[in-house]
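Descriptive structure summary
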Amino acid sequence: MVAPAKKPYRVVGSRPVRPDGTDKVTGRANYGADIRLPGMLYGRVLRSPHAHARIVRIDAAKALALPGVKAVITQADFPAAEDAITDLGETASNLKWLVDNVLASDRALYHGHAVAALAATDPHVAEDALALIEVEYEELPPVLSVHEAMAEGAPRVHPNMHTVEMLARFSPGPRSEHDIPNAASHLRLEIGDLDQGFAEAEVVIEREYETGTAHQGYIEPHNGTALWNESGELTVWLSTQGPFMMRDQLARVLKLPVSKIRVIPMEIGGGFGGKIPVYMEPMAAVLSKKTGRPVKMIMQRDEVLFGTGPTSATYVRVKLGAKRDGTLTAAEAYLAYEAGAYPGSPVGAGGMCMFSPYSVPNQRADCYDVIVNKPKVSAYRAPGAPAGSFAMESTLDELAEQLDIDPLELRQRNAAVDGTRRIDGAAFQSIGNEAVMRAAAESPHWNSELQGENRGRGIAMGYWGNGGLESSAYATVNRDGTVGLVLGSVDIGGQRAALAMQIAETLGIDYEQVKPIVVDTDSIGFTAVTGGSRTTFATGWAVHEAGLEIRRELEARAARIWEVDASLVHYDDDGVIRGPEDRSFTFREIAGQLHRTGGTVQGKADVMPEGTGPAFACHIVDVEVDPDTAKVEVLRYTAIQDVGTAIHPDYVEGQIQGGAVQGIGMALTEEYVYDDQGRLRNASLLDYRMPTTLDVPQIDTILVEEPNPGHPYGVRGVGEVPIVPPLAAVANAIHQATGVRTRRLPASPRVLLEELLPEE
Amino acid sequence: MQDLRYARASSVAEAARLLADGGPTARVLAGGTDVIVQARERTRQITLFVDIKGIPEAVDLRAANGEGLTLGAATPCHQIYGDAAVTSSYPALIDAASLIGGTAIQGRASFGGNLCNSSPAADGVPPLIALGASALIAGPGGERRVPVARFTTGPGQNVLEEGEFVVALEVPAPAPASGARFLRFIPRNEMDIAVVNVASSLRFDGGEVVEACVVVGAAAPTALVVEAAGEALVGSPLSEESIAAAAAAARDAVRPIDDMRGSIRQRRHLAGVLTERTLRDAARRARGEEVVSHP
């Protein structure tokens, strides 16, 4: 469902077939698992069975003696890593920690931490050989929650770590005066005067919340095939959101200049933020160097859950102050997010986003990044925001109940508008927050009557700032009037289509005339990850600029053909070049004459656009809770979102639906289950329960289009914010259905049943 | 995947010989939905698969009128729920056959394999027990029959001796005025393992319950026949009181564990809930009312 909006565009806003669609549905598209090279070896990884252990000794002699095994490596085979910060775009990571996470040095810091890797001529031999590597461990006590980790006298996972005061979200400052065990950093975000705000309040409410560890759940496991040739050049075929980020990380881990590394991104079967860090790719490279042969590594499903980065388990405390009419006067939060074994949780984003849909003059968030003996977290769709918003939006719901104000009305009364200051002090410009709330209030879902027993309706808002960063693109005009569009952004969510549509719009040609291709790191300028909801926005800017350059050049060519001054020639938005005396060329006509007028024409652009438009979303959900089994059935779901301009509405809706379903999973069933020794018990998709198609209803979408003035077509990032509201929306619905406030998610039947049954 | 051999048997005798020669690491391969995963994940050492799908008796499906049902041990679920005679006379089996795995798994998975895998949470086992089924076992010493209720002896353990295998399952013909129902509880709506499952069967005579069987799975080391539930039901018309008593008996009888799939309290509670629900549906089926497997 699309709210009526003026659509002055020819291509933007239509729903063409995606260029990569046929090959993907027929199985012809090439993924990393399809790579086969002559002489290729198969690599496997040996992982720690302990959550925390000293690695006393690794003996690979028996494994190396097995026929077919060609090499075994440990971290000692990597160049020594110094401490340095490497920017991954969405989270930051020290190089030493990055290398240690790839392959443990002297200690294994989580169950599943890689301790050795090997390569063999056959994948089954490689698997057999794993059992022959002897590792002697000395078990150490694990730290398994933020509460345990931060307690006075807690064992320190990194003995020399001292809490750092962050100056801003990505700027580490000095050592903190208040060192807390295992707290890698503390960030305080603050505006106004909190004490004053609470003094003005007539109602104060304070609540605590927790969320479990959730994995992105991409269906394609991590994979990488490396060939380190005899002249010292490394080529890696892999599945990633960011080939250039991969190249940079490989360069740092392997101490190679980037010019020696070529990263070839294959098609990607999902990422959601999780396919940005390196895992086995550097191991495959070192194994290739050691054996002189290409080495292919593919994670097993359990390895994906053991060994890659999920998002943080969290603890959040919220305190709100309000007037009796619902006006918020103060908002305070304490957030402690599990980072896993190395620093870098998205806690700052949690503090940054949770209050952002609202105008609250006095705000403070204290954000702690906490080390525990679990896999190092990585980005996951609006990293950090869902947990913070779960806390805020649940507390708001309770406040609405206390004040007897409709929950959406309470949100509308406090809505952030243009000029409202965020917790980091920045003022919003051109936001669609109120429009989203209004669309929710007018939606068929909100205005329908919820009938039946044990049913409840919940509502929640979400905010995400969206990203910009670097993008490159170039476009070549072919003689037949088509355009080759060359991209450095890998295609996860329909970017080939969305980018081809934008340059088609710029050039005034048909979508079908554009042929997009995603190329490797030797073939285009640096392009940041497909992530941060940035690609349709930032790479969209690049293709638009490339299109403008083509327009200018074609005007010059037409002027030359007509022998008139270039200022008299104009490339119009309908793709027709017009000159004096009614002379004109269509795009196809002039394309056919390029070889006679100076050769081919290319447009190129390298951009790093500012002007990202923040995204707001409001989700409404109806649930029914079985009072006997505590199972929650999602009956109806509507996601309302300001998308700026929906370039390809199908893919925008798809992003919203996918994000909502992932959020429903976090709300109801998805969670890492650890035993008291820190061993992960559910490293399979049987017991790590993502919703299936039978577990969710159709996710209805309402696209609000408040164009972003910072983009030629008004694009706002759309991919991340839809995962933010579902947690609280579902929890609020469960409350209405049962009277129970679920302050720990997921609200699995096991947990919720305890609330519904009488106390024992 | 571990290195192993594969042999396809074409007769009961050949399978028995292959299994005996293969020793303790030989495994029967029916649909393979458990054993292939076990071989791949190395949770069980397997050196030989003996495929029984080429043995006519092992892929049989016969529901002769009044003579009961003979179900080959390797007959896949989809064939069972695709059979009109089975769906009309043994709906409790269909309740299970149509929810084990997804559609693709149901094309391979069999009741015989489900029984021999001997998981406490097996969805095929409680309805077989509630319907009074027996396993026809063949081996070096010839054939024998064991009631399904006594087949499984513990998690992953059963009465099969080395070289023995289950050829078929034999289910008695349903008595007049009888009905049975199987239900399981899972946190999702598919692709999951039972937190608890329950099969109940009832037979009425003149409005009174004359036979009753309540079987609870995933709440003890093996599927559990709740004798006290049967006693609470037999000898009087089915009533809210007798259903509640049966449910209470089920809650008392179970010996659940606490694991990532369910807590002790949750499993105990669900044993009662599912006992009540299956009894109500079994009574409706006994009255000839239609109860769809998965509404």
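Basis of the calculations
Residues numbered from 1 in each chain as written. Chains lettered and ligands numbered in written order. Predicted model: local features only at pLDDT ≥ 70, side-chain atom pairs only at ≥ 80, totals over all residues. Heavy atoms only, no water. Helix = DSSP H or I, 4+ residues; strand = E, 2+ residues; numbered from the N terminus. Rg over C-alpha atoms; globule rule 2.2 N^0.38 Å. Buried < 20%, exposed > 50% of the residue type's maximum accessible area, 1.4 Å probe, protein only. Contact = heavy atoms within 4.5 Å. Areas by Shrake-Rupley, 256 points an atom, 1.4 Å probe, with all protein chains shown as cover. pLDDT = per-residue confidence, 0-100. Expected span 1.5 Å × (residues − 1). Salt bridge = Lys/Arg side-chain N within 4 Å of Asp/Glu carboxyl O. Domains from an automatic or database assignment. Buried area = accessible area lost by both parts, 1.4 Å probe. Polar contact = N/O pair within 3.5 Å; in protein donor to acceptor, adjacent residues only side chain to side chain. Pairing = 2+ DSSP bridges. Phe/Tyr/Trp six-rings, centres within 6.5 Å; stacked < 30°, edge-to-face > 60°. Lys NZ or Arg CZ within 6 Å of the ring centre and 35° of its normal.

Further remarks concern the overall build of chain B. The helix and strand tally for chain B stands at eleven helices and 14 strands. What you see for chain B is a C-alpha radius of gyration of 19 Å, in line with the 19 Å of a compact globule of 295 residues. The dimensions of chain B, computed from C-alpha atoms along their principal axes, are 55 × 45 × 35 Å. Looking at chain B as a whole, 54% of its 295 residues qualify as buried. Expressed as a percentage of contacts within chain B between residues at least 6 apart in sequence, the contacts between residues at least 24 apart total 59%. Accessible surface computed for chain B: about 12,000 Å², of which carbon and sulfur atoms make up 50%.

The next point concerns the confidence of the model for chain B. Summarising the model, chain B shows a mean pLDDT of 96, and 100% of its residues fall at 70 or more. With a pTM of 0.96, the predicted complex shows an ipTM of 0.95.

With 28 residues, helix 16 (residues 535-562) of chain A should cover 40 Å at 1.5 Å per step; its first-to-last C-alpha distance of 39 Å lies within 8% of that length. Downstream of helix 16 of chain A by a residue or two, Glu563(A) has a phi angle that is positive, lying close to 55°.

Tallied over the entire structure, the rule returns 72 salt bridges over all chains. The partner of Arg411(A) in a salt bridge is Asp397(A), with the nearest N and O atoms 3.9 Å apart. In this pair, Arg411(A) is assigned in helix 12 (residues 407-413) and Asp397(A) in helix 11 (residues 385-403), connecting sequence segments 14 residues apart. Neither residue differs from the other here; Arg411(A) and Asp397(A) are each classed as buried. A salt bridge links Asp123(B) to Arg184(B), with the shortest nitrogen-to-oxygen separation between them at 2.7 Å. With a gap of 61 residues between them, Asp123(B) in the loop between helix 7 (111-117) and helix 8 (125-130) and Arg184(B) in strand 11 (residues 178-185) connect regions that are remote in the sequence. Relative accessible area serves as the criterion here: at 7%, Asp123(B) is assigned to the buried category. Assessed through its relative accessible area of 15%, Arg184(B) is described here as buried.

The next subject is the side chain of Asn101(A). Secondary-structure assignment places Asn101(A) in helix 3 (residues 95-102). Once you skip the residues sitting within four places of it in the chain, Asn101(A) turns out to touch Tyr110(A), His113(A), Tyr279(A), Tyr342(A) and Lys376(A).

In this section: the domain arrangement of chain B. Frequently, the measure chosen for interface size is the accessible area removed from exposure when the parts meet. Annotation of chain B at the domain level lists domain 1 (5-51), domain 2 (56-171) and domain 3 (178-286). The C-alpha centroid of domain 3 of chain B is placed 34 Å from the C-alpha centroid of domain 1 of chain B.

Turning to helix 11 (residues 264-286) of chain B, a few remarks are in order. Residues and elements named next belong to chain B. Helix length check: helix 11 (23 residues) gives 32 Å between terminal C-alpha atoms against 33 Å at 1.5 Å per residue, within 8%. Most of helix 11 is tucked away, with 17 of its 23 residues classed as buried. Note on helix 11: the residue one or two positions beyond its end, Gly 288, has a positive phi of about 90°.

With that settled, the discussion passes to the domain arrangement of chain A. All names here are of chain A. The domain architecture assigned to chain A consists of domain 1 (32-141 + 221-268 + 275-307), domain 2 (314-466 + 613-756) and domain 3 (468-607). The centre of domain 1, based on its C-alpha atoms, is set 36 Å off from the matching centre of domain 2. Across the contact, 23 residues belong to domain 1 and 22 residues belong to domain 2. Summed over both partners, the interface of domain 1 with domain 2 comes to about 1,900 Å²; 62% of that surface belongs to carbon and sulfur atoms. Along the contact surface separating domain 1 from domain 2 lie zero salt bridges. Here domain 1 is connected to domain 2 by four residue pairs in polar contact (both at pLDDT 80 or more). Going through the elements one at a time, strand 5 (92-94), helix 3 and helix 9 (301-307) are the ones with two or more residues in the side of domain 1 that touches domain 2.

Our next topic: the interface of chain B and chain A. Of the residues lining the interface, 24 residues belong to chain B; the matching set on chain A comes to 30 residues. Taking both sides of the interface into account, the surface hidden between chain B and chain A amounts to around 2,600 Å²; carbon and sulfur atoms contribute 47%. Considering only the surface of chain B that becomes buried against chain A, Arg188(B), Met260(B) and Arg265(B) emerge as the three largest contributors, covering 31% of it. On inspection of chain B and its partner chain A, the count reaches eight salt bridges. Across the pair Asp128(A) and Arg42(B) runs a salt bridge, and its minimum N-O distance is 2.6 Å. If you look at where chain B meets chain A, you find 21 residue pairs in polar contact (both at pLDDT 80 or more).

Moving on: the pairing of strand 11 (residues 183-191) of chain A. All names here are of chain A. The element strand 11 is largely enclosed, with a buried count of seven among its nine residues. Of the strand pairs in this sheet, strand 11 and strand 19 (residues 362-371) are connected by eight bridges, and their pairing is antiparallel. Across the sheet, Glu 190 pairs through a bridge with Arg 364, a residue of strand 19.

Residues and elements named next belong to chain A. With respect to the helices and strands, Ala 460 occurs in strand 20 (residues 455-464). The spatial distance from the C-alpha of Ala 460 to the C-alpha of Val 12 is 30 Å, given a sequence separation of 448 residues. The contact partners of Ala 460, leaving out residues within four places of it in the chain, are Glu 393, Arg 411, Ala 617, Cys 618, His 619, Pro 725, Ala 728 and Ala 729.

Let us now look at unusual backbone geometry. Note the cis peptide between Leu745(A) and Pro746(A), where omega equals 5°. With respect to the helices and strands, the residue Pro746(A) is situated in the loop between strand 31 (744-745) and helix 20 (749-756). For Ala630(A), which is not glycine, the phi torsion reads 65° and is therefore positive. For Ala630(A), the position within the fold is in the loop between strand 28 (615-625) and strand 29 (632-642). Positive phi, close to 50°, is recorded for Met191(B), a residue that is not glycine. Mapped onto the elements, Met191(B) comes out in the loop between strand 11 and strand 12 (196-205).

With that settled, the discussion passes to the sheet that holds strand 6 (residues 107-108) of chain A. Strand pairing in a sheet relies on backbone hydrogen bonds, with the paired strands running either antiparallel or parallel. All names here are of chain A. Taken together, three strands build an open sheet; the order of strands is 6-2-8 and the sheet is antiparallel. Of all strands in the sheet, those bounded by a partner on one side alone are strand 6 and strand 8 (134-139). For strand 2 (residues 53-59) and strand 6, the ladder comprises two bridges, and the chain directions are antiparallel. Across the sheet, residue Ala 53 finds its bridge partner in strand 6, namely Ala 108.

This part takes up the packing of aromatic side chains. What describes a pair of aromatic rings is the distance from one ring centre to the other and the angle between the planes of the rings. Residue and element names in this part refer to chain A. Summed over the entire model, instances satisfying the criterion amount to eleven aromatic pairs over all chains. Where Trp 562 meets Phe 585, the ring centres are 4.9 Å apart and the plane angle is 5°; that geometry is what we call stacked. On the criterion of sequence distance, the pair formed by Trp 562 in helix 16 and Phe 585 in strand 26 (residues 584-586) is long-range, its members being 23 residues apart. Each of the two residues, Trp 562 as well as Phe 585, counts as buried. Taking the centre distance of 6.2 Å and the plane angle of 45° together, the rings of Tyr 672 and Tyr 674 count as tilted. With a relative accessible area of 5%, Tyr 672 lands in the buried category. Aromatic ring contacts, followed pair by pair, group Tyr 315, Tyr 334 and Tyr 368 into a single cluster. We note Arg 317 situated over the ring of Tyr 334; from NZ or CZ to the ring centre the distance is 4.7 Å.

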